[in-house]
Amino acid sequence: MLTVAPGVHHAHVGGQTAILNVGTGRWVMLDPAASRIWQAIVLRGGVEGLAEEIAIPSGADTAAVHRAIGAAVTGMVDRGLLTDPGALRVRRPWWRKGGGR
């Protein structure tokens, strides 16, 4: 499940979304298409089914829309705007941690 990263504030106005990353001091303005992706993540925790919601009514290629959404989400994660708290975290084995055994 994707969530807004800590220190990231956002506002949705007029079909666009303004995002402030307090950690970097940078603003990001999302156009209506990217804003729709952002809103799906904020409201639903992910983009499951979004490609179909966009592609079917417009007659677009669902696979192409799915790839575009994936690229947009990856960009948002790479910029530090989104995080996945459930993502697999690599943990150090107990024998490599400091102290103890």
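It should be noted that the structure appears before, not after, this text.
Residues numbered from 1 in each chain as written. Predicted model: local features only at pLDDT ≥ 70, side-chain atom pairs only at ≥ 80, totals over all residues. Heavy atoms only, no water.

1. Topic: the sheet that holds strand 2 (residues 8-13)
Here is the rule: In short, DSSP must find at least two bridges between two strands for them to pair. Strands here mean DSSP runs of E at least two residues long; helices mean DSSP runs of H or I at least four residues long; both are numbered from the N terminus. Axis definition: a line fitted to C-alpha atoms, limited for helices to the stretch in contact. Angles are taken between N-to-C directions and run from 0 to 180 degrees.
Taken together, three strands build an open sheet; the order of strands is 2-3-4 and the sheet is antiparallel. Edge positions in the open sheet fall to strand 2 and strand 4 (26-30), since each of these has one partner strand only. Averaged over all pairs of adjacent strands, the angle between strand axes in this sheet comes to 15 degrees, irrespective of strand direction.

2. Focus: the packing of helix 1 (residues 32-44) against helix 3 (residues 62-78)
So the rule is basically this: Roughly parallel covers angles under 35 degrees, roughly antiparallel covers those over 145, roughly perpendicular covers 65 to 115, and oblique covers all other angles. Any pair of residues with heavy atoms lying within 4.5 Å of one another is described as a contacting pair. All amino acids are sorted into three groups, where Ala, Val, Leu, Ile, Met, Phe, Trp, Tyr, Cys and Pro are nonpolar, Asp, Glu, Lys and Arg are charged, and the leftover types, Gly among them, are polar.
Two elements in contact, helix 1 and helix 3, have axes separated by 10 Å at closest approach and are oriented at 70 degrees. With respect to each other, helix 1 and helix 3 are oriented roughly perpendicular. Counting all contacts with helix 1, which are made through Ala34, Ile37, Trp38 and Ile41, the residues of helix 3 involved are Ile69, Ala72, Val73 and Met76. A class-by-class count of the residues in the contact of helix 1 with helix 3 yields eight nonpolar, no polar and no charged.

3. Digging into the packing of helix 1 against helix 2 (residues 50-58)
Spelled out, the test is: By convention the crossing between two helices is left-handed if the near helix lies anticlockwise of the far one by an angle smaller than a right angle, and right-handed if it lies clockwise.
It is at 11 Å that the axes of helix 1 and helix 2 come closest, and there the two elements cross at 140 degrees. Considering the angle they form, helix 1 stands oblique to helix 2. You can see that helix 1 and helix 2 cross each other, and the crossing is right-handed. Where helix 1 abuts helix 2, its residues Arg36, Ile37, Ala40 and Arg44 lie against Leu50, Glu53 and Ile54. Residue composition of the contact of helix 1 with helix 2, by class: four nonpolar, no polar and three charged.

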